[in-house]
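Structural overview
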Amino acid sequence: MPINEKASTIIIFFCLLALIIEFVKKKVRFKLKKELLIFPILYLIYVGTSIFLSDKIEFKLFEQKAALIIFPFLFSTTYKYNQKKILTAFVYGCIVAYVICIVIAFNNSLVFDMGNISFNPLLNESRGFGFFKSMIYEGNYFFGSYFSRLIQISYFAIYLAFAISILLFQPIEFKGKNFIIFIFVIAILQTTSLAGILNLLIIVLVGIIYRVKSRKKRAIIFFGCLGLILLSARYHPRINTTIMGVYKTLQGQNSPEFPKQPRIMTWKASIMAVGQHGIAGLGVGTSQKELNKKYVEINFQRGRNENLNAHNEYLQILLECGVIGFVALLFIFYALIKRINNVEGYKKPFVLCFLLLILVNFMLESMMNRYIGISFFVFFSCMIIVMNKKIELK
């Protein structure tokens, strides 16, 4: 539920409580599903490495990673859940989240002065950058973190992208479906998340493969998207600034206009740390201390001050759990790939889209280190792995 972490946690708690009541009444029984065992195994790896390798263990670790146990349990019962209702509820959650963000943005943009009302979404218009450039240089209530007030922009972007894939590749009836898809695309652009742009490209590519039969139309759509990417790289302030920032960071020629790109620096520090400790890992607690040491070595003070994680799940899990944790993660991906080969019809592009979204976003975020990331990944992975491989006719 992309509205509030606490609200989502409460909903999960009541679902678990309801299931336990059904167990007590003997209306539902536990049914072991071997393909889901890898999730609790990964949880034990997290806990084990932290107990034996970390010098500090916090309860937050057990709480945050609990999704690796709770969701596999929920999907390992004889209870017959309705997949379409779950996916429909997720789409409605995204709609509600977007409406809330729009309302907050409009409310923040209204200026009341001496009985007069004016509309100004810019946080510091004195700098004169205008409506679009302000998303980078001064802040705009309709873009970025000032707009996505409910959850972090990268996670909101992947939630919205997944909602689009549901509307495109699932036989769910929605009034104004195309309009909702259009709104979600706009919403992703409003997050100014570059990962969100990549998410949209993934959906377009999967759509071309599975929904467009004509080679001519495929070519038109592909080259049209390529053209938009090139234009965006030149004229979109967020994309252009990031590309230049990455180049300047790699060249060591940063300036106030193009500061060091955080992800480049966190990846550099993480690779250094993994090179030293990636075999066995360091546990959750000690891994952040090691990263902070590397930030100091490469003169990335922001990373040290803000305790930035690796911003790459593959590097993060190697640093925390070592090779054994990384292999466990690969087994989860293998299970998802296996489902692509086993399911039929419209389920193929849906599962493929989810897998690609996860693979790409794992390169840009340490998703397992945040509740909104790990809950999304584990819940829908479990649902997809155990879904009926045949097409439901009802």
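What this report covers is the structure whose coordinates are included nearby. It should be emphasised that the depicted structure is a prediction, and the values quoted were computed from it without experimental measurement.

**Quick look at the pattern of salt bridges**
- According to the stated counting rule, one finds four salt bridges in the structure shown.
- In this structure, Glu365 engages Arg263 in a salt bridge whose closest nitrogen and oxygen atoms are separated by 2.2 Å. Taken together, the residues Glu365 in the loop between helix H17 (347–364) and helix H18 (371–386) and Arg263 in helix H13 (residues 262–277) connect sequence positions 102 residues apart.
- According to the relative accessible area criterion, Glu365 is buried, its value standing at 7%.
- Take Arg263: its relative accessible area is 27%, and that puts it in the partly exposed class.
- Among the ionic pairs, Glu290 bridges to Lys294, the shortest N-O distance being 3.7 Å. A residue pair is termed a helical-turn pair when its members lie 3 or 4 positions apart in one helix, as Glu290 and Lys294 do in helix H14 (residues 283–297) at four residues.

**Quick word on the packing of helix H16 (residues 313–342) against H17**
- Running from N to C, H16 and H17 point in directions that differ by 165°, and their axes come no closer than 10 Å. Classed by the angle they form, the pair H16 and H17 counts as roughly antiparallel. In this structure, the crossing between H16 and H17 has a hand that is left-handed. Residues Glu313, Tyr314, Leu329, Phe333, Leu336, Ile337, Arg339, Ile340 and Asn341 of H16 form the contact with H17, whose own contacting residues are Lys348, Val351, Leu352, Phe354, Leu355, Ile358, Leu359, Phe362 and Met363.
- Looking at side-chain class alone, the contact of H16 with H17 contains 14 nonpolar, one polar and three charged residues.

Definitions and limits used
Residues numbered from 1 in each chain as written. Predicted model: local features only at pLDDT ≥ 70, side-chain atom pairs only at ≥ 80, totals over all residues. Heavy atoms only, no water. Salt bridge = Lys/Arg side-chain N within 4 Å of Asp/Glu carboxyl O. Helix = DSSP H or I, 4+ residues; strand = E, 2+ residues; numbered from the N terminus. Buried < 20%, exposed > 50% of the residue type's maximum accessible area, 1.4 Å probe, protein only. Axes fitted to C-alpha atoms, helices over the stretch in contact; angles between N-to-C directions. Parallel < 35°, antiparallel > 145°, perpendicular 65-115°, else oblique. Left-handed = near helix turned anticlockwise from the far one by under 90°. Contact = heavy atoms within 4.5 Å. Nonpolar A, V, L, I, M, F, W, Y, C, P; charged D, E, K, R; others polar.

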